[in-house]
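Spelled out from the first residue to the last, the chains are:
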Amino acid sequence: MTNLLVALILVIAIIAIIWYLVKKLTVLVVNAVLGLICLFLINFLHVMQWMGKPDLGYSVATLLVCALGGLPGVLILMLLNILGITI
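Everything numeric here is computed off the predicted structure, so don't read it as measured data.

## Description of the overall build of the protein chain
(1) Moving on: Summing up its helical and strand segments, the protein chain has 3 helices and 0 strands in all.
(2) Moving on: Ordered by position from the N terminus, the helices and strands of the protein chain form the series α-α-α.
(3) Moving on: In terms of overall dimensions, the protein chain is more spread out than a globule: its C-alpha atoms have a radius of gyration of 21 Å, far above the 12 Å expected for 87 residues.
(4) Moving on: Summarising its shape, the C-alpha atoms of the protein chain cover approximately 75 × 20 × 15 Å along the three principal directions.
(5) Moving on: Looking at the 87 residues of the protein chain, the share that counts as buried comes to 18%.
(6) Moving on: Put simply, 56% of the contacts in the protein chain that link residues at least 6 apart link residues at least 24 apart.
(7) Moving on: By element, 83% of the accessible surface of the protein chain is carried by carbon and sulfur atoms, the whole surface being about 6500 Å².

As structure tokens, then:
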């Protein structure tokens, strides 16, 4: 009886951990997709040229910052570009 109870508690704990990780993973994926979409829109609409700066471009580093950082990553890239630092 004790073995069954311990196994049931372990199964419930594993399911709870997996549920938590899936929820966090979906938030990260949505943020990454929104960051890449914003990067595309900023380059497509030439937003940086309105401020007299070159577009952000699509280098590997830029795509990684936008994919890992999401919307804050895009904002950091824009700020760095305005300050004259290109990645």
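## Comments concerning the side chain of T62
(1) Moving on: Here T62 lies in helix α3 (residues 60-82).
(2) Moving on: Residues within four places of T62 in sequence aside, it is in contact with L39, L56, G57, L77 and I87.

## Side note on the nonpolar core
(1) Moving on: Listed in full, the 9 residues of the largest apolar core are L39, I42, V47, M48, L56, C66, V74, L77 and M78.
(2) Moving on: At the level of secondary structure, the elements contributing two or more residues to this core comprise α1 (2-44), α2 (47-50) and α3.
(3) Moving on: Among the elements that take part in this core, α3 stands out by supplying 4 residues, more than any other.
(4) Moving on: Discounting chain neighbours no more than four positions away, the residues touching I42 are V47, M48, D55, L56, V74 and M78.

## Some points on the packing of α1 against α3
Two quantities define a packed helix pair, namely the angle between the helix axes and the distance between the axes.
(1) Moving on: Close contact between α1 and α3 brings their axes to 7 Å; oriented N to C, the two are set at 65°. Helix-helix and strand crossings are classified by hand; for α1 and α3 the assignment is left-handed. In contact with N31, A32, L34, G35, L36, C38, L39 and I42 of α1, α3 contributes T62, L63, C66, A67, G69, G70, L71, P72, V74 and M78.

## Remarks on α3
(1) Moving on: Along its 23 residues, α3 runs just 20 Å from first to last C-alpha, ending more than 12% under the 33 Å computed at 1.5 Å per residue.
(2) Moving on: Taking the largest bend as the criterion, α3 deviates by roughly 135°, centred on G70, and proline P72 comes between one and four positions later.
(3) Moving on: Here α3 has its buried residues at T62, C66, G70, G73, V74, L77, M78 and N81.
(4) Moving on: Contacts made by the buried residues of α3 are with α1 and α2.
(5) Moving on: Within two residues after α3, G84 carries a phi angle of roughly 95°, on the positive side.

Each value, and the rule that gives it
- Residues numbered from 1 in each chain as written.
- Predicted model: local features only at pLDDT ≥ 70, side-chain atom pairs only at ≥ 80, totals over all residues.
- Heavy atoms only, no water.
- Helix = DSSP H or I, 4+ residues; strand = E, 2+ residues; numbered from the N terminus.
- Rg over C-alpha atoms; globule rule 2.2 N^0.38 Å.
- Buried < 20%, exposed > 50% of the residue type's maximum accessible area, 1.4 Å probe, protein only.
- Contact = heavy atoms within 4.5 Å.
- Areas by Shrake-Rupley, 256 points an atom, 1.4 Å probe, with all protein chains shown as cover.
- Core = buried A, V, L, I, M, F, W, Y, C linked by side-chain atoms within 4.5 Å.
- Axes fitted to C-alpha atoms, helices over the stretch in contact; angles between N-to-C directions.
- Left-handed = near helix turned anticlockwise from the far one by under 90°.
- Expected span 1.5 Å × (residues − 1).
- Bend = angle between axes of the 7 residues up to and from the residue.

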